[in-house]
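# Fold and contact review
Chain by chain, the residues run as shown.
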Amino acid sequence: MRMPRYLATLALLTAALLPLPLAAQEVLVCGAEELFILDIGSPTPEKRWSWRASNRPELPEVMRRKFQTIAECKPTPDGRRLLIASSSHGAAVIERSTGRVEFYATAMNGHSIELLPGNRVVIAASHVANGTGDRLSVYDVQRSDVELFHVDTPWPHAVIWDAERQLLWADSQKDVVGYRLTDWGSTTPRLTPDVIAPLPDINGHDMMPVPGSSRLILTTAAHTWFFDRTTHQFTKHPRLGDAGKVKSVDIDPASNRLLWIQGDGTTWWSNVLRFSDPEATITLPGEKVYKVRWMPAGREFPRER
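Residues numbered from 1 in each chain as written. Predicted model: local features only at pLDDT ≥ 70, side-chain atom pairs only at ≥ 80, totals over all residues. Heavy atoms only, no water.

## Some details on the sheet that holds strand E2 (residues 34–39)
Whenever strands of a sheet pair, they do so through backbone hydrogen bonds, lying parallel or antiparallel. Selection rule: We treat two strands as partners when DSSP finds at least two bridges between them. Each helix is a run of H or I in the DSSP string that is no shorter than four residues. Each strand is a run of E no shorter than two, and both are numbered from the N terminus. Axis lines are fitted through C-alpha atoms, for helices just across the contact stretch, and the angle between N-to-C directions can take any value from 0 to 180 degrees.
One open sheet holds the 4 strands; their spatial order is E3-E2-E1-E24, and the pairing between them is antiparallel. The open sheet terminates on both sides in strands that have one partner only, identified here as strand E3 (46–52) and strand E24 (291–294). This sheet shows a mean twist of 20 degrees between the axes of neighbouring strands, independent of strand direction. Here strand E1 (residues 26–30) runs beside E24; their pairing, made up of 4 bridges, is antiparallel. By the bridge assignment, valine 27 is partnered in E24 with tryptophan 294.

Written out as structure tokens, the structure reads:
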């Protein structure tokens, strides 16, 4: 039986807009108080899962107000946990299947978070005038809001654990630093600088691994770079090298497709998700998006509202 003309047209338009492999249909989105997973494989992008701190009874009431502007969101590699940090001064580890908060902490102008070996977590607290930001703080996931250690660093915005090199990479206002985990089996762990690579631009911002390579993709005030974790050299990104105000970058391991957010005008956010290889956009009316990440493929979870 022949497909009706309007359905055939819709199918063609959808394929042109989102030529994604079936293995990469969901993205994690944040910026305002709602954290959500967006299904971009459907004809009309649909929220499949949503989370708000205000709805979580396991969070102390004072903490629920610290997630009004979620500045970082990323899934763990298996997709079972979601990591968030908020410029409203909070950070959390969330169980994907239930939305339950497993860990929380106060993080002044929180901008990034990463799980570390030994069930520990590091949070990047960025600059706060007359506050306790400008630091990387280490915690045990089992002990919410109890800082074990911190190291001062100016305006940190991104942290990435590198299991192959056993380094924590963190950007800042002027450097990318690789930290060793020192005395990690003790109750007094430390982060010890091992590699210091001066940025070719100012104000390190987002930073994510490039799948299957030694590189990180990293944004600064006016550019986007590759940083080689072996040679410690920077090269401009071929597509976004001279793009300013890029708030979020991520590359899908399944398709190598680039996904990014670029601030609109004088704002720190956008409602447009941008894709490259091939080029496409998705507009989310009414949303203020700061970060967007590919979700791991191949896992099924219940919908959460």
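## As for the pairing of strand E23 (residues 280–283)
Put simply, the test is: Three exposure classes are used, based on accessible area relative to the maximum for each residue type with a 1.4 Å probe and protein chains only: buried under 20%, partly exposed in between, and exposed over 50%.
The side-chain alternation of E23 yields one buried face, formed by Ala280 and Ile282, and one unburied face, formed by Thr281 and Thr283. Bridge count between strand E22 (residues 272–276) and E23: 4 bridges; the pairing is antiparallel. Across the sheet, residue phenylalanine 275 finds its bridge partner in E23, namely alanine 280. Once E22 ends, the chain turns through 3 residues before running back antiparallel as E23, passing aspartate 277 with a positive phi of about 65 degrees.

## Let's talk about the layout of surface pockets
Where empty space is left becomes clear once a probe the size of a water molecule has been rolled over the atoms. Keep this limit in mind: Definitions used for this entry: grid spacing 1 Å over protein atoms alone; cavity, a set of points where a 1.4 Å probe fits but cannot get out; pocket, an open set with protein on both sides within 12 Å along at least 5 of 7 lines; lining residue, one with an atom within 4 Å of a point. Grid points are joined across faces, edges and corners, and a volume is the space filled by probe spheres set on the points. When residues are grouped by polarity, Ala, Val, Leu, Ile, Met, Phe, Trp, Tyr, Cys and Pro land in nonpolar, Asp, Glu, Lys and Arg in charged, and all others, Gly among them, in polar.
Its volume calculated, the largest pocket comes out at about 630 Å³. What lines the largest pocket is a set of 27 residues, and nearest its centre among them are Pro75, Thr76, Pro77, Met208 and Pro209. Taken together, the elements giving at least two residues each to the lining of the largest pocket come down to strand E4 (70–75), strand E8 (110–116), strand E12 (159–162), strand E16 (207–209), strand E20 (246–251) and E24. Of the residues belonging to the lining of the largest pocket, the class tally is 18 nonpolar, 3 polar and 6 charged. Elements supplying a minimum of two residues to the lining of the second largest pocket: E4 and E20. Counted by class, the lining of the second largest pocket contains 7 nonpolar, 13 polar and 2 charged residues.

## As for the side chain of aspartate 228
We apply this condition: When charges are tallied, Lys and Arg are placed among the positive residues and Asp and Glu among the negative ones, while His and the ends of the chain are skipped. Salt bridges, as used here, are contacts in which a Lys or Arg side-chain nitrogen is within 4 Å of a carboxyl oxygen on Asp or Glu. Think of a polar contact as two N or O atoms within 3.5 Å of one another; within protein, one of them needs to be a possible hydrogen donor and the other a possible acceptor, and neighboring residues in sequence only count if both atoms come from side chains. The contact rule is simple, with two residues in contact once any of their heavy atoms fall within 4.5 Å.
Here aspartate 228 shows up in strand E18 (residues 224–228). For the buried aspartate 228, which has no salt bridge, the nearest side chain bearing the opposite charge is arginine 165, at an N-O separation of 5.6 Å. For aspartate 228, the side chain forms a polar contact with the side chain of serine 214, separated by 3.1 Å. In this structure the side chain of aspartate 228 is engaged in a polar contact, spanning 3.0 Å, whose partner is the backbone nitrogen of threonine 231. Excluding its chain neighbours within four sequence positions, the residues that come into contact with aspartate 228 are Ser214, Arg215 and Gln233.

## Observations concerning the state of the cysteines
Applicable threshold: Disulfides are defined in this document as cysteine sulfur pairs within 2.5 Å.
In this structure the tally under the stated criterion is 1 disulfide. Through a disulfide, cysteine 30 is tied to cysteine 73; the S-S separation comes to 2.4 Å. The S-S bond linking cysteine 30 to cysteine 73 shows a torsion near -85 degrees; that makes this disulfide left-handed. Remark: cysteine 73 occurs in strand E4 and cysteine 30 occurs in strand E1; sequence separation between them is 43 residues. When sorted by exposure, cysteine 30 lands in the same class as cysteine 73, which is buried.

## Things to note about the nonpolar core
What counts, and what does not: Among the buried residues, those of types Ala, Val, Leu, Ile, Met, Phe, Trp, Tyr and Cys that are joined through side-chain atoms within 4.5 Å form a nonpolar core.
Trp169, Val176, Met207, Ile217, Phe227 and Phe234 are the most contacted members of the largest nonpolar core, which has 25 residues in total. Dropping the residues within four chain positions of it, isoleucine 217 is found in contact with Asp206, Met207, Met208, Val210, Thr224, Trp225, Phe226, His237, Val249, Ile251 and Leu258. The next biggest cluster of nonpolar side chains, apart from the first, holds 19 residues, and it includes Leu28, Trp49, Cys73 and Ala92.

## What to know about the sheet that holds strand E15 (residues 190–198)
The strand order E12-E13-E14-E15 describes an open sheet built from 4 strands, whose pairing is antiparallel. Taken across any chain shown, the strands that pair with only one partner, and hence form the sheet edges, are E12 and E15. For this sheet, the mean angle separating the axes of adjacent strands, direction not counted, is 25 degrees.

## Details of the pattern of salt bridges
A side chain of one charge can pair with a side chain of the opposite charge when the charged atoms of the two come close. For the coordinates displayed, the defined rule picks out 24 salt bridges. With its nearest N and O atoms 3.8 Å apart, the salt bridge here joins glutamate 102 to arginine 100. Of the charged contacts in the structure, one is a salt bridge between arginine 239 and glutamate 279, with a shortest N-O distance of 3.0 Å. Separated by 40 residues along the polypeptide, arginine 239 in the loop between strand E19 (234–236) and E20 and glutamate 279 in the loop between E22 and E23 bring together distant segments of the chain.

Any link to function would need more than the numbers given here.
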